[in-house]
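Coordinates in review
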Amino acid sequence: MWDDAFPSFLIGLREGLEAGLIVSVLVATLVRSGERARLPHVWTGVAAAIGLSMSFGAILTFTAANLSGTGQEAFGGTLSLVAVVFVTAMVFWMRRSARTFAGEIKEKVTAALGMGAGVLIVTSFLAVGREGLETALFLWTTAQAAGSSSGPLTGAAAGLLIATGLCWGLYRRALHINLTRFFTMTGAVLIVIAAGVLGYGMRDLQEGGVLPGPTAYAFDLSVHLDPGSWYVTVVQGTLNLTPQMTWLQTAAYGAYLTVVMTLFVRGVRGTASPQPQPTTQPAPTKSAPANPAPRIPHWTLPAALVCLPALVAGIAVAVSDGKPASGMPVIEVSAADCGKGFTAPKPGRQIFQVRNSGSRTSEIYLIDPVSNAVYGEVEGIAPGTTRALIATVGTGSYAWRCVPSGGKAVTSAAVKVIGGGSTKAVLPVSEKDLAAPLAAYRKYVDQGLADLLARTRTLQRDIDAKKLDKARSDWLPAHGQYASLGAAYGTFGDWDAKINGRRAGLAGGVDDPAFTGFHRIEYGLWHGESAAALAPYAERLTFDVAALREDFPKEDFDPGDLPLRTHEILENTLHRELSGSADYGSGTELATTDANLDGTRELLSLLRPLIDKRDAELTSDVDTWMRRTERLVLAQHGKDGSWTRLGMLSTVDRQRLDGSLGQLLEELAPIPDLLEIRKAA
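Strand β8 (residues 396-404) sits mainly inside the fold: eight of its nine residues count as buried. Across six bridges, the pairing between strand β5 (residues 362-367) and β8 is antiparallel. The residue of β8 that forms the bridge with S362 is P404. Of the strand pairs in this sheet, β8 and strand β10 (residues 415-417) are connected by three bridges, and their pairing is antiparallel. Opposite G396, over in β10, you have V417 as the bridge partner. Across two bridges, the pairing between β8 and strand β9 (residues 410-411) is antiparallel. By the bridge assignment, R401 is partnered in β9 with T411. Hairpin connection, β8 to β9: the antiparallel pair is bridged by five residues, and G406 has positive phi, about 75 degrees.

And the structure:
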């Protein structure tokens, strides 16, 4: 959890110390001026600022929860950009003002003493409120990036507690800290973190449809790095850098970090000079009576400042006694009582608050009880948890289906809705539905492996006979046969790394013992290695393919993975072949792309009956872009059997190919969700 907590810990520590120093100066100035009676006014302003900040965070959370999925992405991305602006401004302001802001606060307090209680309250409120709003916004954006992790809140709480202790020590003169150096060092770290928040925000805006290029990846290291490893988790949690980033994310991150850090470093001056403590100099003044009577009742303005933001947040978050904005009550779901509180909803977009009142984690579906079609779902809702389910309600029948973990499905009583238009629901897919396509795919792969083994044996004989020119000719058909099987995403388990692995991430590079298979032989054939040097790799490749063919019938294949292949094979093509990272000298990236298209087409043919039953228009659009992409690829295949190297494509041809494949991926993207195995079936 610390990886998610660190950015919030730093912002909590820094902003908490900044606000705490302001409060320390306010208190110290009043105490040394003999104005202790005014201290409640300071604490009232501080409390009001805290209340406003918490209300702001609550309103942000409520607003995001009531948006559509793409709306949430766009909203979160926009606020991430705003947070970056605020944090950047704060970093530069404190770098410039760290040594003088204590004196400025004293001057404001001195002026406020002669103007009554209200002005002093407002002074403390404004001084602390700015830091509070900045903190709330930054914590909200980091919490969005962390998902369900409690790390951001934990980190912020720890930072604020430490900041409180430091401020107390400074006030009591028990600590001596060079604050200028502290704010300079933390400012540099925050700039790096803000760059990551900016990149995350750009990604959100792309996924929300505000910015283009959601599938135009600058790099994709997810194939080589385990997303669950500790080092990936730490880097992603602290810096918001992910193994897979788009060009826009990367450009925004790099540009921000380069420009802002350069300006920050150039502007750092005099950090070695001692930092004056906020409480070392009294600010005596007797411009007002020692204990002046407040010009307004003590409780009136404080109560208004504290209650007003809380009232605004309360109205926004607790509309209709805790009901969501749609007016729908909370739906209780459990194995014993599925759909309690459910009545006929009004037509249109509705937000149902679904609470699991049972004792087991459950899958919850809003269904048409006649056809079992799914209008909406909440997966893995834990006991005692409330989650939102968003669905568009039209004319038809509606019921809840609760599927507890390890238990039987329970369906609520049905209700009918009239007066609405037609609405689209997804007919659920079961493992039984995928059994026939899976069996056909296994047969297809088994036959393909037999052909692959024959081709690899031919390649081995070429190398053993020292016929390297023929080996170069026979390498591509063998590798293309393997690529057409769509094995890159785990179909073959550990065999894929042995047969088609790459050198990325290997300490020894091309000479690493773990670098074997097609690409190792490709490297040797096109980099002048001798037949004797390549013979062991050819022999091992044949052995691994033969072992895979024998082992494949025993390999466990999750039926739910089959629909994923329709999208992931070509997504892998975009990241590997069309980026040039999978070429080791042969220049046959487009030939491999063609083989991957063949593998995708095979899967689509097996799954077409299931897809057409749920969305007949989808396959038509997929077919259109599949044909267009194939034509663009095959246009680079010469009559002599040669393929144009990727780097030799004209700019126009490259743009057309990238655009066509990108659009094809967009058309394929709904298939995994459409054919997702649902327990509602």
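The next thing to look at is the packing of aromatic side chains. A complete count under the given rule lists twelve aromatic pairs for this structure. With centroids separated by 6.4 Å and ring planes inclined at 65 degrees, the aromatic side chains of F342 and F352 adopt a geometry described as edge-to-face. Note that F342 is positioned in the loop between β3 (330-333) and β4 (348-356) and F352 in strand β4, a separation of ten residues in sequence. For the residue pair F342 and F352, the accessibility class agrees, reading buried in each case. For the pair W475 and F518, a centre-to-centre distance of 6.4 Å together with 80 degrees between the ring planes defines the contact as edge-to-face. Taken together, the residues span a long stretch of sequence, with W475 in helix α13 (residues 468-483) and F518 in helix α15 (residues 518-525) at a distance of 43 residues. Three or more aromatic residues joined by ring pairs make a cluster, and in this case those are W475, Y482, F492, F518, W526 and F552. The ring of F552 carries the charged tip of R442 above its face, separated from the ring centre by 5.4 Å. Seen from the ring of W495, K498 lies directly overhead, with NZ or CZ sitting 4.4 Å from the centre.

As a further point, take the layout of surface pockets. The method is simple in principle: a probe with the dimensions of a water molecule rolls over the atoms, and the space it marks as empty is what remains. The space that makes up the second largest pocket amounts to roughly 560 Å³. In terms of lining, the second largest pocket is formed by 17 residues, of which the most central are A669, P670, D673, L674 and R678. Breaking the lining of the second largest pocket down by element, the ones donating at least two residues are β6 (374-381) and α21 (670-674). Ranked by the residues each element gives to the lining of the second largest pocket, the list is headed by β6, at four residues. Split by residue class, the lining of the second largest pocket holds eight nonpolar, one polar and eight charged.

This brings us to the pattern of salt bridges. Here the structure, examined in full by the defined rule, presents 14 salt bridges. A salt bridge links D583 to R645; the shortest N-O distance between them is 3.9 Å. Linking D583 in the loop between α17 (561-575) and α18 (589-614) with R645 in the loop between α19 (616-634) and α20 (651-668), this pair joins segments that are 62 residues apart in sequence. Residue classification places D583 among the partly exposed positions, given a relative accessible area of 23%. Three or more residues are tied together by salt bridges with common partners; here these are E377, E676 and R678.

Conventions used here
Residues numbered from 1 in each chain as written. Predicted model: local features only at pLDDT ≥ 70, side-chain atom pairs only at ≥ 80, totals over all residues. Heavy atoms only, no water. Buried < 20%, exposed > 50% of the residue type's maximum accessible area, 1.4 Å probe, protein only. Helix = DSSP H or I, 4+ residues; strand = E, 2+ residues; numbered from the N terminus. Pairing = 2+ DSSP bridges. Phe/Tyr/Trp six-rings, centres within 6.5 Å; stacked < 30°, edge-to-face > 60°. Lys NZ or Arg CZ within 6 Å of the ring centre and 35° of its normal. 1 Å grid on protein atoms, 1.4 Å probe; cavity = no way out; pocket = protein on both sides within 12 Å on 5 of 7 lines; lining within 4 Å. Points joined across faces, edges and corners; volume = space filled by probe spheres on them. Nonpolar A, V, L, I, M, F, W, Y, C, P; charged D, E, K, R; others polar. Salt bridge = Lys/Arg side-chain N within 4 Å of Asp/Glu carboxyl O.

Taken by themselves, the reported measurements are silent on function.
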